[in-house]
Amino acid sequence: MRHPRALLATALGLGLAAVGAAPVANATTSAPASTGSYASYISYEQSKENAAATKAFQQAVMKSVREQRAANPGIKVVTVRYNASAAPTFRSQIASSTQIWNSSVSNVKLQETTSGANFTYREGNDSRGSYASTDGHGRGYIFLDYRQNQQYNSTRVTAHETGHVLGLPDHYSGPCSELMSGGGPGTSCQNPNPNAQERARVNQLWANGLVG
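Residues numbered from 1 in each chain as written. Predicted model: local features only at pLDDT ≥ 70, side-chain atom pairs only at ≥ 80, totals over all residues. Heavy atoms only, no water.

K.L.:
Break down the packing of helix 4 (residues 91-104) against helix 6 (residues 154-165) for me, citing the residues and quoting the values.
P.N.:
Running from N to C, helix 4 and helix 6 point in directions that differ by 55 degrees, and their axes come no closer than 8 Å. Considered as vectors, helix 4 and helix 6 are oriented oblique to each other. Considering only the axes of helix 4 and helix 6, their crossing is right-handed. Two secondary-structure elements touch here, helix 4 through Q93, I94, S96, S97, I100 and W101 and helix 6 through S154, T155, T158, A159, T162 and G163. Looking at the contact of helix 4 with helix 6, its residues break down into four nonpolar, eight polar and no charged. (Axes fitted to C-alpha atoms, helices over the stretch in contact; angles between N-to-C directions. Helix = DSSP H or I, 4+ residues; strand = E, 2+ residues; numbered from the N terminus. Parallel < 35°, antiparallel > 145°, perpendicular 65-115°, else oblique. Left-handed = near helix turned anticlockwise from the far one by under 90°. Contact = heavy atoms within 4.5 Å. Nonpolar A, V, L, I, M, F, W, Y, C, P; charged D, E, K, R; others polar.)

K.L.:
Which residues make up the pattern of salt bridges, and what values do they have?
P.N.:
For the structure shown, the criterion picks out five salt bridges. One salt bridge in this structure joins K63 and E67, with 2.7 Å as the shortest N-O distance. Linking K63 with E67, this pair stays in helix 3 (residues 48-70), spanning four residues, or about one helical turn. The residue R128 makes a salt bridge to D126 at a minimum N-O spacing of 2.7 Å. You can call R128 partly exposed: its relative accessible area is 26%. Its relative accessible area of 14% is what places D126 among the buried residues. One connected set of salt bridges, linked through shared partners, spans E49, D126 and R128. (Salt bridge = Lys/Arg side-chain N within 4 Å of Asp/Glu carboxyl O. Buried < 20%, exposed > 50% of the residue type's maximum accessible area, 1.4 Å probe, protein only.)

K.L.:
How would you summarise the sheet that holds strand 1 (residues 78-86) if you had to cite specific residues and measurements?
P.N.:
Spatially, five strands are ordered 2-1-3-5-4 in an open sheet, and the strand pairing comes out mixed. Both edges of this open sheet fall to strand 2 (108-112) and strand 4 (131-134), since each of them pairs with a single strand only. Strand-to-strand twist across the sheet, computed as the mean angle between neighbouring axes with direction ignored, equals 30 degrees. Bridge count for strand 4 against strand 5 (residues 140-145) is four bridges, and the pairing is antiparallel. Across the sheet, residue A132 finds its bridge partner in strand 5, namely I142. (Pairing = 2+ DSSP bridges.)

K.L.:
Account for the pairing of strand 5, naming residues and giving values.
P.N.:
Extensive coverage of strand 5 is indicated by the burial of six of its six residues. Residues G140, I142 and L144 of strand 5 are buried on one face, and the alternating residues Y141, F143 and D145, pointing to the opposite face, are buried as well. As judged from the six bridges shared by strand 3 (residues 119-124) and strand 5, these two strands associate in the parallel manner. Across the sheet, Y121 pairs through a bridge with I142, a residue of strand 5. Connecting strand 4 to the next strand, strand 5, in antiparallel fashion are five residues, including G136 with a positive phi near 90 degrees.

K.L.:
Before we move on, can you summarise helix 4 with the specific residues and values?
P.N.:
Compared with the 20 Å implied by 1.5 Å per residue over 14 residues, the 20 Å span of helix 4 between its first and last C-alpha is a close match. Taken residue by residue, helix 4 has Q93, I94, S97, T98, I100 and W101 as its buried positions. When helix 4 is viewed along its axis, its buried side chains cluster within an angular range of 160 degrees and face the same direction. Of the exposed residues in helix 4, the ones pointing more than 90 degrees away from its buried face are Q99 and S103. Buried residues belonging to helix 4 abut strand 1, strand 2, strand 3, strand 5, helix 6 and helix 7 (196-205). (Expected span 1.5 Å × (residues − 1). Arc of directions from axis to C-beta.)

Structure, rendered in C-alpha cells:
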C-alpha cells in the first residue's frame, strides 16, 4: 500500500511502502521486470515528490467521496469505491486487501465497481516501485509495480497503499506489526494487517461519515 480533512491532508505523506517478501499469490512472477531496487523504492517513498503525489491522491479521493456523500448526507458508513480492472495481475491481492480492511474497520467500507469509482488500481513497471498519485485530471490511482511485488509481500503492499486511501500516513520507523511501517522492517516482514492503533485511527477519521 496516504487523514477530518486537515488531518487527512497532512497525515498523507504516504508513498506506498513496500513490504515483506512472501508467498502470497504473486502472479507477477511472469511479468516483465522493472529496474527497481530496495534502495530506489525506499528513496522514492521518503521523497518530497512522493509526499506531494500522495497528498494530491488523497485530495482527489476525498473530493470524489464528498460528492458521493452529498447525495446522501445522512449516511453513517461511507463506501469508497474502487475499480481494479486496470490491474488484473493483482486482483487476488486487491481482493485480500479489501477484505482485510473491511473486517478491520466499521465506519468506512471498500467496494469494487466498474463505474463511478473514487479511485483505481493500475499495474506496470516503474523503478520507483508502487505508489499513489493522480492522473492530472483530478482522479486518483494506486500504481502496483511488478518487480516490487515480486520482492515484497504483494498483499502487504496493497493493504498499505489502501491504508493511505483510508487516511493513514507512512511510519517507516515502526515495527512489522504496524502496516504503515511499509518497507521499514525489511523484506522479511510478512504482516498485511493493520494493528489496533491503525484500525482505531481509520474509524476515528471516518466517524459518522465525516471525512472532511
